[in-house]
Amino acid sequence: MKLPVQIFGVIGHPVSHSLGPHMHNAAFRSKGMDALYLAFDVTDPTGIPSAMRTLGIGGMSVTLPHKEIFLSLVDHIDPTAKAIGAVNTLRLEKDGSISGFNTDAKGARDALLSVTSLEGKKVAVLGAGGAGRAVAFGVKEAGGIPLIINRSRKKGEALARELGASFFPLSDFWAKDVEILVNTTSVGMVPETDQTPISPDFFHENLLVMDIVYTPRKTKLLRLAEEKGCKILDGLEMFVRQGALQFELWTGKPAPIEAMRKALEDLPALQME
Ligand code: ATR
C-alpha cells in the first residue's frame, strides 16, 4: 500500500462481529485503492465528527446503537436519513463538514429490485423498528405500496400513518393479495434459529419472501417459504446493496458489488448449508 492510506470505518457498540470490514476492504482491493476500513468500538460517538476531521477519515458506517444520535451531530443531513430518522453513513466533505446519509432504505429497494419490480406492488413489511422504517421508506420511494405489520399496535400505526400506509396487527395478518413480504424483525437470528415472525400458512407460490436477517443465511422463515414454493431473498443482498451505496458516496466510483458479495459469501458464518 502507498502512504497516505485513506481511512474509512464503522462505529458501533458492540462492533466486533461487523461484516463491514470484510466487505469494504474487498471493495477497495478489487478497485486497487490504497484504502482501509476499520471497526471502532465506540460508546460515546459525540467526538466522531471532529475525529474524522482531525484524522482525515473519509467516511464511516454507523451501526447500533448510534444511528439516531448522528441526526444532531452532523452538519448536513440527506432528506432520506431525515425522513427515516437515522443516519448509517457519514462522509467528510472537502470543507471539513460532515454529511449524514441513510443507505438502508435504498439498499432494501435495490435488493428487491435485483429480483423483482416494485411499482404498484403490495409489500408487507413485518416490524416497525429502525429496519422496518428503512425498508418501508425504500419500498414507497420505488413506487411500491408498503403495508405495516407489527406486533405492537402503537408503533406499527405510527409508522403506517407517517407513510400513508395501512397497518395490520401481526396476530391477525392474513395477506392473500400481498406480492412481497419482508421480515425486518430480528426473529430467527442466531441463536434463536428455530423461530419465525409469522406462520407461513397463507404463503402462496407467487409471494416473494425477503428476510433482512442473514445469520443464518437461510432463516426458518425463508426455509418454510421455499417449501411453499415462494421465491426467496436472503438478508445478505440488502447488506451488500447498502454497503455498495456507501462505497459510492465515499469514493464517487461505481461499487464492485460482485467482489463485495463474494467476500461475505466466502465467510464460514455465511455459508448456505
Ligand atoms: P431495529 O431498529 O433493529 O429494527 P427495534 O427498534 O428493536 O429494532 O424493532 C424491532 C421490531 O421487531 C419491532 O417492530 C418489534 O415489534 P414491537 O413493536 O411489537 O416490539 C419487532 N419484534 C421484535 N421481536 C419480535 C417478536 N418476537 N415477534 C414479533 N415482532 C417482534
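Remember, it's a predicted structure, so these values are computed and weren't measured experimentally.

A.B. asks: Can you walk me through the pattern of salt bridges in this structure?
C.D. replies: Opposite charge on two side chains permits them to pair, given that their charged atoms come into close proximity. Following the criterion strictly, the structure yields 16 salt bridges and no others. The salt bridge involving aspartate 75 is made with arginine 53; its shortest N-O contact spans 3.8 Å. Separated by 22 residues along the polypeptide, aspartate 75 in the loop between strand S3 (59-62) and strand S4 (76-77) and arginine 53 in helix H2 (residues 48-55) bring together distant segments of the chain. By relative accessible area, which is 48% here, aspartate 75 ends up partly exposed. Exposure remark for arginine 53: the relative accessible area of 39% places this residue in the partly exposed category. Of the charged contacts in the structure, one is a salt bridge between glutamate 265 and arginine 217, with a shortest N-O distance of 3.8 Å.

A.B. asks: Whenever I open this one, the sheet that holds S4 confuses me. Can you help?
C.D. replies: Hydrogen bonds between backbone atoms are what pair the strands of a sheet, whose relative direction is either parallel or antiparallel. Pairing is mixed across the open sheet formed by six strands, whose spatial order is S2-S1-S3-S5-S6-S4. Looking at the sheet topology across the chains shown, the edges are occupied by strand S2 (35-41) and S4. Bridge count between strand S5 (residues 89-92) and strand S6 (residues 98-101): four bridges; the pairing is antiparallel. Following the sheet pairing, arginine 91 is matched in S6 by serine 99. In the packing of helix H1 (residues 20-30) onto the sheet, the strands contacted are strand S1 (6-12), S2 and S3, and the crossing angle to S2 comes to about 170°.

A.B. asks: Would you take a moment to explain the site of the ligand for this structure?
C.D. replies: The immediate surroundings of the ligand are formed by Gly127, Ala128, Gly129, Gly130, Ala131, Asn150, Arg151, Ser152, Lys155, Leu170, Thr185 and Val187. A distance of 2.9 Å is found between an oxygen atom of the ligand and a backbone nitrogen or oxygen belonging to glycine 130. Here an oxygen atom of the ligand and a backbone polar atom of serine 152 are 2.9 Å apart. Protein chains shield 66% of the accessible area of the ligand, which is 640 Å² for the free molecule. Here the residues of the shell around the ligand are counted per class, giving four nonpolar, six polar and two charged.

A.B. asks: Before we go on, may I ask you to explain the sheet that holds strand S7 (residues 122-126) in this structure?
C.D. replies: Judged by pairing direction, the sheet is parallel, and its six strands sit side by side in the order S9-S8-S7-S10-S11-S12 without closing on themselves. Each edge of the open sheet carries a strand with a single partner, namely strand S9 (166-169) and strand S12 (231-233). Strand-to-strand twist across the sheet, computed as the mean angle between neighbouring axes with direction ignored, equals 20°. The sheet contact formed by S7 and strand S8 (residues 145-150) spans five bridges and is parallel. Residue pairing for S8: valine 125 is matched across the bridge by isoleucine 148. The sheet strands contacting helix H7 (residues 220-227) are strand S10 (180-183), strand S11 (208-211) and S12, and the helix crosses S11 at an angle near 165°.

A.B. asks: How should the packing of helix H8 (residues 236-251) against helix H9 (residues 257-265) be read in this particular structure?
C.D. replies: Two quantities define a packed helix pair, namely the angle between the helix axes and the distance between the axes. Interaxial distance between H8 and H9 falls to 10 Å at its minimum, and their mutual angle equals 135°. Classified by the angle between their axes, H8 and H9 sit oblique to one another. When the axes of H8 and H9 are compared, the crossing they make is right-handed. Here H8 contributes Leu236, Glu237, Phe239, Val240, Arg241, Gly243, Ala244 and Phe247 to the contact with H9, which in turn contributes Ile257, Met260, Arg261, Leu264 and Glu265. Split into classes, the residues belonging to the contact of H8 with H9 amount to eight nonpolar, one polar and four charged.

So, how was this worked out
Residues numbered from 1 in each chain as written. Predicted model: local features only at pLDDT ≥ 70, side-chain atom pairs only at ≥ 80, totals over all residues. Heavy atoms only, no water. Salt bridge = Lys/Arg side-chain N within 4 Å of Asp/Glu carboxyl O. Helix = DSSP H or I, 4+ residues; strand = E, 2+ residues; numbered from the N terminus. Buried < 20%, exposed > 50% of the residue type's maximum accessible area, 1.4 Å probe, protein only. Pairing = 2+ DSSP bridges. Contact = heavy atoms within 4.5 Å. Axes fitted to C-alpha atoms, helices over the stretch in contact; angles between N-to-C directions. Near = heavy atom within 4 Å. Polar contact = N/O pair within 3.5 Å; in protein donor to acceptor, adjacent residues only side chain to side chain. Areas by Shrake-Rupley, 256 points an atom, 1.4 Å probe, with all protein chains shown as cover. Nonpolar A, V, L, I, M, F, W, Y, C, P; charged D, E, K, R; others polar. Parallel < 35°, antiparallel > 145°, perpendicular 65-115°, else oblique. Left-handed = near helix turned anticlockwise from the far one by under 90°.

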